[in-house]
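# Fold and contact review
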Amino acid sequence: MSNYDIKRGVSLYSYQEEYFLGTKSLEDLIKVSAEMGANGIELISEQTFPNYPNPLDQSVYDNWHALMAKYGTTPVCHDFMLDYKKYKNRPMPFEEQVASCKVDIDHAARLGCPYTRALVSIDPNVLVACADYAESKNVRILIEVHAPLHFDHPWIIRHAEAFEKSGSKYLGFLPDMGMFLFKFPPVWKEKFIRDGVPQHIADYICKAYEDRTLSEYVILEVEKMGGVGPAIGMATTLRHNAAFEPKRMLDHMDRIWNIHAKFYQMDEDLVEPCIPYDEIIRVLKKGGYKGYICSEYEGNRWIQDAFPVDSIEQVRRQQEMFKKLIGEPAATAA
Amino acid sequence: MFDKYMICEDGYGNVQQDGRTIGFAFQARLPYYRGIGLSMVEDIGVIIDGEPVARQDIRFSVRGRTWTLDEMETEYTDRWNFAEKALVTVLRDGGLTPGRHKVQLSERIRVSYLPFVPTTRDTKELVIPA
């Protein structure tokens, strides 16, 4: 008997290209997700619902629940933003930030989401101040641990300590698997080359990434190679990405309740060439993870200038990979 | 992201008011994966045929309401929704002459979690019919 229960889900963020262009409706996206067996649904409400976080008609919620029932899907997580830079020349007051989070907690509850995602830059004291309210709505607030931050970064440690000190069981983590990027993504490299980065500089940056060279050295070296504009931009991506270790999640398994399965490309052989999902799933099994792993495709922005985007096929491939890695029983022919 | 979709290739043209042409308008979208409150739109820049348009000559409209760019900075309720086509109007007597015009659009938005304020650009050739 295994002590883990890894369930497959998808963030509708994955389908942003089709939703932006209006080629797929919300219902289309729920339907294709269900067909893939990605039955847990995560969403960014400021993408999915026009005018949110302003109040929405009851019909929006009724339609959402009708779609969940029709396709047998389960609401998992509403990702909230908290625009604390709403005012140009002054910070948003603490109490207003707390009130804003409560709007999102209410909304998550109305959608039937047991979790709501807080962005990583939010002050832990704001989240602690919301914990009792979140508990009253039975919604857990999860801070997204996203590159370049990681579980050993002092900012995340500060969150972990604040959560422990609060004693609340309604504050936790939502790690984004992009922090385990072990190789420079080919789709990024190809885009930078289309934008004018010389091949030898692009090759150097990819090699330096695999050598784990400190980003500041790489940027300096690219400057010495004569790199300008997009070449510096490509080197600067190393400030925001790194190959942290999946096993660092193990210290926090008691507060990891949802996961973003970030990916930039899924090749035809059903492999993400740059994020170590085999190792990630091994760690989650070892840690006894019980929860969803939600596909988060973020490749569209790297190819849309030159190629058609098929987010649905990309997610389908990742879901196929997960079936194998999780070890779901193979479907038997009828 | 979505850079190349910022300027829409439909729904543009000269703007008439009280029998005269007061400017040129085109539809624009945000290069972002969500909508954003209007107070966080720091600037919308337009360059037509190489000539920058003054900030005070730009108007922004969605769902029947119109703002100057300065007015937008204190609009704390209304939003520019994800993928929503807003109307950007350039006030200019006589509008644009018939023929091809190179329109460059830049949008600067203040995103809370980003350690910088991104400006994203798109350029399209739009044709005013004779």
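Each value, and the rule that gives it
- Throughout this document, residue positions are counted from 1 along each chain, in the order its sequence is written.
- Chains carry letters from A onward and ligands carry numbers from 1 onward, assigned in written order.
- Reporting in this predicted model follows two pLDDT cut-offs: at least 70 for local features of residues, and 80 or more for side-chain atom pairs to be given and counted; totals over whole chains, interfaces and linings ignore these cut-offs and use all residues.
- Where each domain starts and ends comes from a domain assignment, either automatic or drawn from a database.
- Residue pairs qualify as contacts under a 7 Å threshold applied to their C-beta atoms, which are placed from the backbone.
- Throughout, the ten residues Ala, Val, Leu, Ile, Met, Phe, Trp, Tyr, Cys and Pro are labelled nonpolar, Asp, Glu, Lys and Arg are labelled charged, and all others, Gly among them, are labelled polar.
- Two strands are said to pair when DSSP picks up at least two bridges between them.
- Secondary structure follows DSSP: runs of H or I at least 4 residues long count as helices, runs of E at least 2 residues long count as strands, and numbering of each begins at the N terminus.
- Axis definition: a line fit to C-alpha positions, over the contact stretch in the case of helices; interaxial angles, taken between N-to-C directions, run 0 to 180 degrees.
- With respect to orientation, any angle under 35 degrees is reported as roughly parallel, any angle over 145 as roughly antiparallel, any angle of 65 to 115 as roughly perpendicular, and every other angle as oblique.

This brings us to the domain arrangement of chain A. Residue and element names in this part refer to chain A. As assigned here, chain A comprises domain 1 (5-182 + 243-326) and domain 2 (186-236). The centre of domain 1, based on its C-alpha atoms, is set 30 Å off from the matching centre of domain 2. Residue-level contacts link 9 residues of domain 1 with 6 residues of domain 2. Among the residues forming the side of domain 1 that touches domain 2, the class breakdown is 6 nonpolar, 2 polar and 1 charged.

What follows deals with the pairing of strand 9 (residues 86-91) of chain B. Residue and element names in this part refer to chain B. As judged from the 6 bridges shared by strand 2 (residues 20-28) and strand 9, these two strands associate in the antiparallel manner. Counterpart to glutamine 27 in the pairing with strand 9 is leucine 87. Taken together, the 4 bridges between strand 6 (residues 58-62) and strand 9 define a ladder with antiparallel strand orientation. Note on strand 9: the bridge partner recorded for phenylalanine 60 is valine 88.

Residue and element names in this part refer to chain A. Put simply, helix 9 (residues 199-210) and helix 11 (residues 230-240) touch, their axes get as near as 10 Å, and they point 5 degrees apart. Taken together, the axis directions place helix 9 and helix 11 in an arrangement best described as roughly parallel. Residues Ile201, Ala202, Ile205 and Tyr209 of helix 9 form the contact with helix 11, whose participating residues are Ala231, Met234, Ala235 and Leu238. When the residues that make up the contact of helix 9 with helix 11 are grouped by side-chain class, the tally is 8 nonpolar, no polar and no charged.

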